[in-house]
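# Structural characterization, general
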Amino acid sequence: ALHLAKAQDGKSLEDFQKVYNAIAEKLRDEDEFDGYIGYGPNLVRLSWHVSGTFDKNDNSGGSFGGTYRFKKEADDPANKGLQNAAHFLEPIAKKFPWISHGDLYTLAGVTALQEMQGPKIPWRPGRVDADEKDTPENGRLPDASQDGSYVRHYFGRFGFTDQEIVALLGAHCLGKTHLENSGYEGPWGAATNTFTNEFFVNLLNENWKLEKNEAGNKQYNSEKGYMMLPTDYALVQDGKFRKYVEKYAKDQDAFFEDFKSAYVKLLENGIDFGKLGKAYVFKTLDEQDS
Ligand code: HEM
Ligand SMILES: Cc1nc2ccccn2c1N
């Protein structure tokens, strides 16, 4: 059965907004990380990796149990580089010991997206820490060297449509790839810590050349020094994906709306929130008189 969300005794919107604010203020303070990209993109990637282990066939993995805190999952080669996000969140977990790891990892991604001027992401608490024995095995995260049919099949495990897959991958407007983490290297473009539809604009407008990088892996590079993974480029090679790339390149509002829905589905996959009430929508720091 699905994991049943459990309300934290007496915690309300105000309590979770305090956690949001602590993460958002730390993001502002520690802006020099990764060549002044900051921790935002790394936190978004962590929120996806802790959710992307979900398998709808046996309801294992996913964000509910917060099992990233255990060595086996943290040491998954696919999670290399996320130690930065985990280290960033340690003092937040200490300051708010009542929040579950699953709620903290997903809330951190929501906070980072909103603070990078992304869409408002409705978020529900209630994930409950699972035991180490429930940690999913390594190997559930995707391989960047593959093509469109691989991407479609991979996300089929979460029950995602072509439109949801393309919208979700729009998060690759953030941050960059790091040779020492994944064997790929390079930034997407200039705006690596602002959430925009530029991933789609660049996919269609840049002159991409497939080249071998210093790690011997093939990636697409553009004259402006941007890069795309083979799985990114697959979105313009595959006709069914391409039509959504064109839609989002033209219409950032449509991208924001569809990304929000797909990202919530990713973070909540496999969890039954029952009658735990509606989702919280947090204010950004700029929206508060702080
Ligand atoms: C086909 C699926 C995907 C593949 C193969 C993939 C692969 C990768 C790779 C290889 C990196 C570089 C890691 C590094 O070298 O530091 C990366 C970074 C990133 N990914 Fe993905 N990814 C996928 C889907 C997603 C999704 C669904 C999201 C979020 C909704 C996401 C968000 C990010 C972000 C924000 C970064 C930048 C991290 C940083 O700058 O530290 N990715 N991805
Ligand atoms: C800017 C940027 N960020 C990413 C993350 C993963 C894959 C490709 N990316 C690009 N081009």
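Here the structure is shown first, and the text comes after it.
What counts and what doesn't
Residues numbered from 1 in each chain as written. Chains lettered and ligands numbered in written order. Predicted model: local features only at pLDDT ≥ 70, side-chain atom pairs only at ≥ 80, totals over all residues. Heavy atoms only, no water. Helix = DSSP H or I, 4+ residues; strand = E, 2+ residues; numbered from the N terminus. Contact = heavy atoms within 4.5 Å. Donors = N, O, S within 2.8 Å, 3.2 Å for Na, K, Ca; no water. Salt bridge = Lys/Arg side-chain N within 4 Å of Asp/Glu carboxyl O. Buried < 20%, exposed > 50% of the residue type's maximum accessible area, 1.4 Å probe, protein only. Pairing = 2+ DSSP bridges. Polar contact = N/O pair within 3.5 Å; in protein donor to acceptor, adjacent residues only side chain to side chain. Core = buried A, V, L, I, M, F, W, Y, C linked by side-chain atoms within 4.5 Å. Domains from an automatic or database assignment. Near = heavy atom within 4 Å. Nonpolar A, V, L, I, M, F, W, Y, C, P; charged D, E, K, R; others polar.

Moving on: the environment of Leu174. Structurally, Leu174 can be placed in the loop between helix H8 (162-169) and strand E2 (176-177). As a C-alpha pair, Leu174 and Glu206 span 32 residues in sequence and 17 Å in three-dimensional space. Beyond its immediate chain neighbours, meaning those up to four positions away, Leu174 contacts Pro41, Val44, Leu113, Met116, Thr192, Asn193, Thr194 and Phe195.

What follows covers the coordination of the iron atom of ligand 1. Looking at the protein side alone, the iron atom of ligand 1 has one donor only, His172 (NE2), at 2.1 Å. Along the chain, His172 turns up in the loop between H8 and E2.

This part is about the pattern of salt bridges. Using the criterion set out here, one finds 17 salt bridges in the structure. With a shortest N-O distance of 2.7 Å, Glu268 and Arg124 are connected by a salt bridge. Separated by 144 residues along the polypeptide, Glu268 in helix H13 (residues 252-268) and Arg124 in the loop between helix H6 (101-115) and helix H7 (148-156) bring together distant segments of the chain. A relative accessible area of 25% means that Arg124 is categorised as partly exposed. Residue Lys247 pairs with Asp258 through a salt bridge whose shortest N-O separation is 3.7 Å.

Taken residue by residue, a regular strand's side chains alternate between the two faces of the sheet. Inspection of the sheet shows strand E4 (residues 209-212) paired to strand E5 (residues 218-221) by four bridges, in the antiparallel sense. Its bridge partner being in E5, Glu211 is matched across the sheet by Gln219. Between E4 and E5, which pair antiparallel one after the other, the connecting turn spans five residues, and Gly216 there sits at a positive phi close to 85°.

The subject of this paragraph is the side chain of Thr106. Structurally, Thr106 can be placed in helix H6. Within the local environment of Thr106, its side chain forms a polar contact with the backbone oxygen of Gly102, the two atoms lying 2.9 Å apart. Aside from chain neighbours lying at most four places away, what touches Thr106 is Ser47, Ser51, Ser63, Trp123, Arg127, Tyr263 and Leu267.

Moving on, we get to the nonpolar core. Ile23, Leu43, Leu89, Phe155, Phe259 and Tyr263 are the most contacted members of the largest nonpolar core, which totals 76 residues. Residue contributions to this core peak at nine residues, all from H13. Three or more residues apiece are contributed to this core by two domains, here domain 1 (3-140 + 263-289) and domain 2 (148-254). Not counting the four nearest positions on each side in its chain, Leu43 is found in contact with Ile23, Leu27, Ala85, Phe88, Leu89, Ala108, Gly109 and Ala112.

A few words now on the site of ligand 1. Taken together, 20 residues sit near ligand 1, with Asn42, His172, His178, Asn181 and Ser182 positioned nearest. Interatomic distance of 2.8 Å between a side-chain N/O atom of His172 and a nitrogen atom of ligand 1. Between an oxygen atom of ligand 1 and a main-chain N or O atom of Lys176, the distance comes to 3.0 Å. Those elements giving two or more residues to the shell around ligand 1 turn out to be helix H3 (40-51), H8, E2 and helix H9 (179-182). Counted by class, the shell around ligand 1 contains 10 nonpolar, eight polar and two charged residues.

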